Amino acid sequence: MKASNNTMYISSDELRDEFLEHRDNHIVIFSEMHKRTLNALEQGRDVIYDSTNLELKYRRDLYDKVKKNNDDVIVISVWIHNRVEKAISQSSKRTGRSDVSSELIHQMYQTMELPLPDIDCDCILVPRLQKVNEEYKIVSSQVFAESNLEQFIEYEKTVDSGLVEKYNKKRKEQINER
């Protein structure tokens, strides 16, 4: 794990490399990610939790654990949403993850759910990226919370209207649960 100042970086890909015998065991990998995240927060550190984390139920589980013991912690979901074709293209260029096929990306896309402020995060950060010399750089970003969530939905409609339809249904279910 990399650490910078008071920030701990926790990556599911790095954990897969660390725990080779459990590389494909999501329960082991994410249990360890949660454990390290909660320990770092208890020590007063900031955490960058780096994982695809497509499904709301898993994000919500960690969010609830974080808030239970650290109500003052702000959970920011960084939302980088590529179209499926771009995700497949980018994945084909990744080293060390040949197990992520185009079929798997299509399957993952079917389970993808938008983040929900006050359900699985406190706010959503959407960076605008620009490729510079084979690296992506953040050129600007926008933050969305419960108060301006409709702006996030409008933005997301320009990227993926089908995901917004699924989101609207899930949002109603989540609000009714709370």
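Attention in this report is confined to the structure presented alongside it. (Residues numbered from 1 in each chain as written. Predicted model: local features only at pLDDT ≥ 70, side-chain atom pairs only at ≥ 80, totals over all residues. Heavy atoms only, no water.)

This part covers helix α3 (residues 56-69). Given a rise of 1.5 Å per residue, 14 residues ought to cover 20 Å, and the 20 Å separating the end C-alpha atoms of α3 matches this to within 8%. Among the residues of α3, those classed as buried are L56, R59, R60, L62, Y63, V66 and K67. Projected down its long axis, α3 carries its buried residues within an arc of 165°, all on one side. Exposed residues on α3 whose side chains face more than 90 degrees from its buried face are K57, K68 and N69. (Helix = DSSP H or I, 4+ residues; strand = E, 2+ residues; numbered from the N terminus. Expected span 1.5 Å × (residues − 1). Buried < 20%, exposed > 50% of the residue type's maximum accessible area, 1.4 Å probe, protein only. Arc of directions from axis to C-beta.)

So, on to the pattern of salt bridges. The full count for this structure, using the stated rule, is 10 salt bridges. R36 is paired through a salt bridge with E32; the nearest N and O atoms lie 2.6 Å apart. One end of the pair, R36, and the other, E32, are both in helix α2 (residues 26-42), four residues apart, so they sit about a helical turn from each other. Of the two residues, R36 and E32, both sit in the buried class. Among the salt bridges present, the one from D64 reaches R60, with a minimum N-O distance of 3.9 Å. In this pair, D64 and R60 both sit in helix α3, four residues apart, roughly one turn of the helix. What makes D64 partly exposed here is its relative accessible area of 36%. (Salt bridge = Lys/Arg side-chain N within 4 Å of Asp/Glu carboxyl O.)

This brings us to the sheet that holds strand β4 (residues 76-78). The sheet built from three strands is open, its strands ordered β4-β5-β6 with mixed pairing. The strands lining the two open edges of the sheet, one partner per strand, are β4 and β6 (135-144). Pairwise comparison of adjacent strand axes, ignoring direction, gives a mean angle of 30° for this sheet. Both strand β5 (residues 123-132) and β6 contribute to a ladder of nine bridges, which runs antiparallel. Within β6, the position partnered with Q130 by the bridge is K137. Against the sheet, helix α6 (residues 149-159) engages β5 and β6, with an angle of about 40° to β5. (Pairing = 2+ DSSP bridges. Axes fitted to C-alpha atoms, helices over the stretch in contact; angles between N-to-C directions. Contact = heavy atoms within 4.5 Å.)

On to the environment of I88. Relative to the elements of secondary structure, I88 occurs in helix α4 (residues 84-92). As for I88 and L20, which are separated by 68 residues in sequence, their C-alpha atoms are 24 Å apart. For I88, the contacting residues outside a window of four places in its chain are S102, I105 and H106.

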